[in-house]
There are 2 protein chains.
Amino acid sequence: MTQSVKEIFSGGDAPPAPAALAAKVRTLAPTMTRSMQLVAEAVAGDPAGCAALTVTGLAELTGTSEATVVRTARLLGYPGYRDLRLALAGLAAQQESGRAPAVTADIAVDDPIADVVAKLAYDEQQTLADTAAGLDTVQLGAVVSAATAARRIDIYGVGASSLVGLDLAQKLLRIGLIAHAHTDPHLAVTNAVQLRPGDVAIAITHSGSTGDAIEPLRVAFDRGATTVAITGRPDAPVSQYADHVLTTSTARESELRPAAMSSRTSQLLVVDCLFIGVAQRTYETAAPALSASYEALAHRHSPRNTR
Amino acid sequence: MTQSVKEIFSGGDAPPAPAALAAKVRTLAPTMTRSMQLVAEAVAGDPAGCAALTVTGLAELTGTSEATVVRTARLLGYPGYRDLRLALAGLAAQQESGRAPAVTADIAVDDPIADVVAKLAYDEQQTLADTAAGLDTVQLGAVVSAATAARRIDIYGVGASSLVGLDLAQKLLRIGLIAHAHTDPHLAVTNAVQLRPGDVAIAITHSGSTGDAIEPLRVAFDRGATTVAITGRPDAPVSQYADHVLTTSTARESELRPAAMSSRTSQLLVVDCLFIGVAQRTYETAAPALSASYEALAHRHSPRNTR
DNA sequence: GTCATGCGTGAAAGTTATTTCCGGGATTCG
DNA sequence: CGAATCCCGGAAATAACTTTCACGCATGAC
């Protein structure tokens, strides 16, 4: 399959020119005849624009003929105009992406929607990278082990963090573990009392000082359960009662972008890693459980309208 | 002189896709027919190689016909194969200069936990980039406008998507909008009946064929509300009843990494963009509302032990 | 079970773009 | 001043790309 593609590449013994096109034009300019220079100039001046033109178009633009355009392309080292055009497109794309990464700015009130999308995506990507880099894999491994062996897993989180807790519980349940996310602080405490050594309790709080998440964790800690804190502040109060602390990244926030947004991204990554870790350990039972739940849902989807 | 170049550019009103090609292929793959998939696969798999091929060449390589190649190019949003090829050349040049080729290795059962973290983070970053690239900002803008002006906003989603819906509702409520996420399909339909023109209904479903999310949207549609679908399958049944469709990226999934995971990342980005868009429009009221809710929560945090 | 319908598909015709060829005309050197 | 050279663009020839059309397969209806 791919070998035929490779053949084509090996066939062309002289790889034309990647980005050194402007330089080549300048070097060869004296060699060129008058009309060729016109073409070369146009090409070097606006690669993107020229890439959009056909031979005829470029000939008209420069006030020359198709033949001259082709001759110029040859002189620049390409087999023909077609290949020059391809290289031009590549060049255009490169310098397009080159000026792109200036999206580090904060999201402003008057940003057009397209900028919002770009900036937000960039920010979240950054958050993910930070989280992955800062995550203690030893701690994570320990939590995975504890969770895999646990009789039951209780998860505490309120506000935005509650959704992350629910997500984790949902996934763990899917592979046959007994997990429950408590969003009501009172019920959380009530349930925490039931825990005993070997059970796992997980508190999710970005600030690390959300009383409603700390309190049930403290109770679980006192009952001898293995306790875990997922927080952006490893030095915050919640860590006092945590056997293991998993740190989420504290990304910059702005007026329009509350901390809840990036902390959620970060928390979800941690939770996903935890889940996959557990799924690996319990693969024998997890895999069938996953496909079983998939099958069970199949009939709730209307028949595909296309194949 | 140069004006003819500009004309050509202004003429093409919708510049197709710069680097979002792989994403587009993945999003549209399910829509495609068998032989189109072959072509799309080849193109996504080896952009540089395919850029060097003519229509006939690519047709032979994939064992299909020229017509199919052209059809695929059209589906991907280009006027014809010529333009796809140009874009391909650009893409090739970009990833040539860009550092990371793509370490898309699947997560394996026996991967050490550190690898899991790295791969997962990378995958999610990819998902974010794909989603941002593939998101129709015009549609998004329209949805933002509708949401800003809406008397009430109802959100439907079940399963993993329900959490995304809850997240959106939570955030919109925070800036003073009347938003409600329904996770119970029966109650959702019951509530959808109450909607009227000017209201907004949003259905979140990755597959686009989840009956429990479609049904309330259909009801809302019939009542004259502005309806929105957030789905990974823009051609799925849910779009029938949607005035606006926001497409999430369909990332690759593996046995250990169910689709729910990456679709959630994608959905959250869309939802975040929507939220920020609305927050921008309603800045006068949103900003104070955000700080007010922050203040209100302050007393629920134990005193910070660090600054 | 049979027929009708629609859709995916590739072969081939048709169109456009690219390359090659050729002769006019300008420049320069003898 | 004349002749040789070579640049240059028009137009034919070729290659690439696009469109059309008809066949065959599958799906659903009767």
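For the structure itself, look to the data block above.
Residues numbered from 1 in each chain as written. Chains lettered and ligands numbered in written order. Predicted model: local features only at pLDDT ≥ 70, side-chain atom pairs only at ≥ 80, totals over all residues.

Quick look at the sheet that holds strand β4 (residues 226–231) of chain B
All names here are of chain B. Here we have five strands laid out as an open sheet, ordered β2-β1-β3-β4-β5, and parallel in their pairing. Bordering the open sheet on either side are β2 (179–182) and β5 (244–247), each of which pairs with just one other strand. Each neighbouring strand pair of the sheet contributes to a mean axis angle of 20 degrees, computed without reference to strand direction. Sitting on the sheet, helix α9 (residues 137–149) is in contact with β1 (153–156), β3 (200–204), β4 and β5, with an inclination near 125 degrees to β5. (Pairing = 2+ DSSP bridges. Helix = DSSP H or I, 4+ residues; strand = E, 2+ residues; numbered from the N terminus. Axes fitted to C-alpha atoms, helices over the stretch in contact; angles between N-to-C directions. Contact = placed C-beta atoms within 7 Å.)

Description of the pairing of β4 of chain B
All names here are of chain B. Burial analysis of β4 places six of its six residues in the buried class, which makes it a mostly covered element. Of the two faces of β4, the one lined by Thr226, Val228 and Ile230 and the one lined by Thr227, Ala229 and Thr231 are each fully buried. As defined by bridge partners, β3 adjoins β4 across five bridges and the pair is classed as parallel. Its bridge partner lying in β4, alanine 203 is registered against alanine 229. Once the chain exits β3 it traverses helix α12 (residues 211–222) before rejoining the sheet at β4, and the crossover so formed is right-handed. Judged from the four bridges that link them, β4 and β5 form a sheet pairing that is parallel. Across the sheet, isoleucine 230 pairs through a bridge with leucine 246, a residue of β5. (Buried ≥ 20, exposed ≤ 12 C-beta atoms within 10 Å, placed from the backbone. Right-handed = clockwise from strand over helix to strand, strands pointing away.)

With respect to helix α3 (residues 34–45) of chain B
Residue and element names in this part refer to chain B. Under the 1.5 Å per step criterion, the end-to-end length of α3 is 16 Å for twelve residues, consistent within 8% with the ideal 16 Å. When α3 is considered as a whole, its buried residues turn out to be Met36, Val39, Ala40, Ala42 and Val43. For α3, the buried positions fall inside an angular range of 160 degrees around the axis, keeping them on one side. (Expected span 1.5 Å × (residues − 1). Arc of directions from axis to C-beta.)

Examining the sheet that holds strand β3 (residues 200–204) of chain A
All names here are of chain A. Spatially, five strands are ordered β2-β1-β3-β4-β5 in an open sheet, and the strand pairing comes out parallel. Edge positions in the sheet fall to β2 (179–182) and β5 (244–247), since each of these pairs with one other strand and no more. The mean inter-strand angle of the sheet, taken between neighbouring strand axes irrespective of direction, is 20 degrees. Lying on the sheet, helix α10 (residues 160–174) is in contact with β1 (153–156), β2 and β3; it crosses β2 at an angle near 165 degrees.

Describing the protein's contact with DNA strand C
The local shell around DNA strand C holds 19 residues, among which Thr54, Gly80 and Tyr81 of chain A together with Thr33 and Ser65 of chain B are the closest. Among the residues making up the surface near DNA strand C, the classes are represented as six nonpolar, eight polar and five charged. (Near = placed C-beta within 6 Å. Nonpolar A, V, L, I, M, F, W, Y, C, P; charged D, E, K, R; others polar.)

These values are about where atoms sit, not about what they do.
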